[in-house]
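Residue-level listing of the chains:
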Amino acid sequence: MNTLAIYAGSFNPIHAGHIAVIETAKHIFGDDMVQIVLADNPQKEYSVPKEKRAQWVQDATWIKPEHTGGFICDYCDELMAMTDVADRIVLIRGVRSAIDLDVEMPMAGYNYNISHGEYPTIFIPSPAPLRDLSSSAVRVIAKKGWEPFFETLYKPYAPKSMTYNKWVDFARDIWEHYNKV
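Residues numbered from 1 in each chain as written. Predicted model: local features only at pLDDT ≥ 70, side-chain atom pairs only at ≥ 80, totals over all residues. Heavy atoms only, no water.

## So, the layout of surface pockets
Thought 1: Its volume calculated, the largest pocket comes out at about 1300 Å³.
Thought 2: A8, G9, K44, R93 and E104 are, among the 46 residues lining the largest pocket, the residues nearest its centre.
Thought 3: Taken together, the elements giving at least two residues each to the lining of the largest pocket come down to β1 (3–9), α1 (16–29), β4 (88–95), α4 (98–114) and α5 (135–142).
Thought 4: Taken together, the residues of the lining of the largest pocket break down into 20 nonpolar, 18 polar and 8 charged. (1 Å grid on protein atoms, 1.4 Å probe; cavity = no way out; pocket = protein on both sides within 12 Å on 5 of 7 lines; lining within 4 Å. Points joined across faces, edges and corners; volume = space filled by probe spheres on them. Helix = DSSP H or I, 4+ residues; strand = E, 2+ residues; numbered from the N terminus. Nonpolar A, V, L, I, M, F, W, Y, C, P; charged D, E, K, R; others polar.)

## Side note on the pattern of salt bridges
Charged atoms that come close allow side chains of opposite charge to pair.
Thought 1: With the rule as written, the count across this model stands at 5 salt bridges.
Thought 2: The shortest N-O distance in the salt bridge between R96 and D100 comes to 2.8 Å.
Thought 3: Since its relative accessible area comes to 29%, R96 is described here as partly exposed.
Thought 4: Residues participating in the shared-partner salt-bridge network are D40, K50 and R53. (Salt bridge = Lys/Arg side-chain N within 4 Å of Asp/Glu carboxyl O. Buried < 20%, exposed > 50% of the residue type's maximum accessible area, 1.4 Å probe, protein only.)

## Topic: the sheet that holds strand β5 (residues 121–125)
Thought 1: Ordered in space as β3-β2-β1-β4-β5, the 5 strands form an open sheet in which the pairing is parallel. Among the strands making up the open sheet, the edge pair consists of β3 (66–68) and β5. The mean inter-strand angle of the sheet, taken between neighbouring strand axes irrespective of direction, is 35°.
Thought 2: Set on the sheet, α4 makes contact with β4 and β5; between it and β4 the angle comes to about 165°. (Pairing = 2+ DSSP bridges. Axes fitted to C-alpha atoms, helices over the stretch in contact; angles between N-to-C directions. Contact = heavy atoms within 4.5 Å.)

## Considerations on the pairing of strand β2 (residues 34–39)
Thought 1: Of all the 6 residues making up β2, 5 are buried; the element is thus mostly covered by neighbouring parts of the structure.
Thought 2: Sheet analysis places β1 next to β2, joined by 5 bridges and oriented parallel. Looking at the pairing, A5 lines up with V34 of β2.
Thought 3: The parallel pair β1 and β2, bridged by α1, forms a crossover whose chirality is right-handed. (Right-handed = clockwise from strand over helix to strand, strands pointing away.)

In short, geometric facts, not functional conclusions.
Printed below as a string of structure tokens:
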């Protein structure tokens with residue numbers, strides 16, 4: 001049975017914690033069976049346009065993200081109706097702490113119930129060194145300067161799927177965006 005793992009998020013911006021979750025999902029489900037969905041939540045304000053977020057996701061993961069402005073279960077229903085890429089879909093969520101789990105558990109239950117059990121959620125914990133990392137923290141540290149940003153958040157976590165120079169370019173792009181260089 002082929003399982004497609006969908007990792008949906010705003011990725012505002014994508015960071016090493018997200019990438020660790022994606023790499024773990026690829027290890028479990030296979031490189032070709034992980035899809036990233038850039039979700040636009042109308043209740044959130046984004047400091048980065050979705051096109052820029054999509055480019056950063058693709059640069060960091062080599063996965064071209066899909067987009068949805070609606071419910072993830074509706075997206076999954078549409079995907080299952082128009083393709084035979086998978087026999088089933090699971091939703092991936094990264095968790096850093098019990099606080100994240102408290103937020104994610106009800107959403108997992110809603111998605112499970114809305115989909116009549118078709119799209120269960122699998123939680124992937126962030127590696128211990130990344131548990132304090134969030135997109136909000138990335139935005140704050142990015143404004144501090146290139147060296148602290150790169151040395152703290154990116155240099156130690158360059159994924160194997162990217163060349164080091166590409167990873168430097170990716171981190172610099174995020175830093176420049178938040179500093180309007």
